[in-house]
Amino acid sequence: MDTDKKRYYVSVSHQLIQDVPNDSAEYEVLMTETEVSTLRDLLEKLAKEDEYAFKRTFVPFKSADHDEAADEYNDKLIDVYAYLHEIGDETTRRTIEDMNILGKMLNTDYHDKGYEGSPLNK
C-alpha cells in the first residue's frame, strides 16, 4: 500500500513538483506516490488548458473574461489548488485560504452570454 509520505516542493505557477527545495516552490507538501501522480496529472491538464487559452488570446473581438478557454483554465487551476488544499498541511491550507482563490474563482460576478458557435471554442 502507498502510505509512505515524502516531502515535495510544489510550484503551481511553474507547474513543478520536486523533491528538493528551490526558489520557485510555493508549497511544501508531504505526499504519497499516488498523491504525487494525481497532482502531476492535474498540473498536466492545467498546462494543456494554459496552452489552449494562450492560442485563444489572438482571436480578435473576443474578451478573455468571457471565453470558454479562460473558463476551462480557471477550472483546472481551481482543481490544482483544491487538491493542494485537501492534501496539504495546515500552512498550505491556510496559504491557499488566505489567497481567497477557491471561492473567488468559483463565484465569478458575470454571466453574460457570448461567442456561441465560435469555431475556435472547444
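Residues numbered from 1 in each chain as written. Predicted model: local features only at pLDDT ≥ 70, side-chain atom pairs only at ≥ 80, totals over all residues. Heavy atoms only, no water.

**Q** Run through the pattern of salt bridges, naming residues and quoting values.
**A** This model, assessed by the stated rule, comprises 4 salt bridges. Two residues, Lys5 and Glu35, come together in a salt bridge whose shortest N-O distance is 3.5 Å. Here Lys5 is found in the segment before strand S1 (6-11), whereas its partner Glu35 is found in helix H1 (residues 33-56), with 30 residues between them in sequence. A relative accessible area of 47% means that Lys5 is categorised as partly exposed. Salt-bridge contacts for Glu90 lead to Arg93; the nearest nitrogen and oxygen are separated by 3.3 Å. Taken together, the residues span about one helical turn, with Glu90 and Arg93 both in helix H3 (residues 90-99) at a distance of 3 residues. Taking the relative accessible area as the measure of exposure, Arg93 reaches 24% and is therefore partly exposed. (Salt bridge = Lys/Arg side-chain N within 4 Å of Asp/Glu carboxyl O. Helix = DSSP H or I, 4+ residues; strand = E, 2+ residues; numbered from the N terminus. Buried < 20%, exposed > 50% of the residue type's maximum accessible area, 1.4 Å probe, protein only.)

**Q** A description of the confidence of the model for the protein should follow, citing residues and the corresponding values.
**A** Taken residue by residue, the protein gives an average pLDDT of 79. The fraction at 70 or more is 70%. Mean pLDDT across the secondary structure elements of the protein bottoms out at helix H4 (residues 101-106), with 64, and peaks at S1, with 95. Below a pLDDT of 50 lies the segment residues 108-112, which in the model reaches 4 contacts outside its immediate sequence neighbourhood of four places, other chains included. A low-confidence stretch, residues 118-122 stays under pLDDT 50, and its non-local contacts, those more than four residues away or across chains, total 13 contacts. (pLDDT = per-residue confidence, 0-100. Contact = heavy atoms within 4.5 Å.)

**Q** So what about the packing of helix H2 (residues 68-87) against H3? Which residues, and what values?
**A** Axis separation between H2 and H3 bottoms out at 8 Å; the angle between their running directions is 145°. Crossing angle aside, the handedness with which H2 passes H3 is left-handed. Here H2 contributes Tyr81, Leu84 and His85 to the contact with H3, which in turn contributes Thr92, Arg93, Ile96, Glu97 and Met99. Residues that form the contact of H2 with H3 fall into these classes: 4 nonpolar, 2 polar and 2 charged. (Axes fitted to C-alpha atoms, helices over the stretch in contact; angles between N-to-C directions. Left-handed = near helix turned anticlockwise from the far one by under 90°. Nonpolar A, V, L, I, M, F, W, Y, C, P; charged D, E, K, R; others polar.)

**Q** Explain the sheet that holds S1 to me, using residue names and the numbers behind them.
**A** Spatially, 3 strands are ordered S2-S1-S3 in an open sheet, and the strand pairing comes out antiparallel. On the outer flanks of this sheet lie strand S2 (16-18) and strand S3 (27-31), each paired with one strand and no other. Sheet twist, expressed as the mean angle between neighbouring strand axes with direction ignored, is 30°. Across 3 bridges, S1 lies against S2 in antiparallel orientation. Across the sheet, Val10 pairs through a bridge with Ile17, a residue of S2. The sheet contacts of H2 involve S1 and S3, and relative to S3 the element is tilted by about 60°. (Pairing = 2+ DSSP bridges.)

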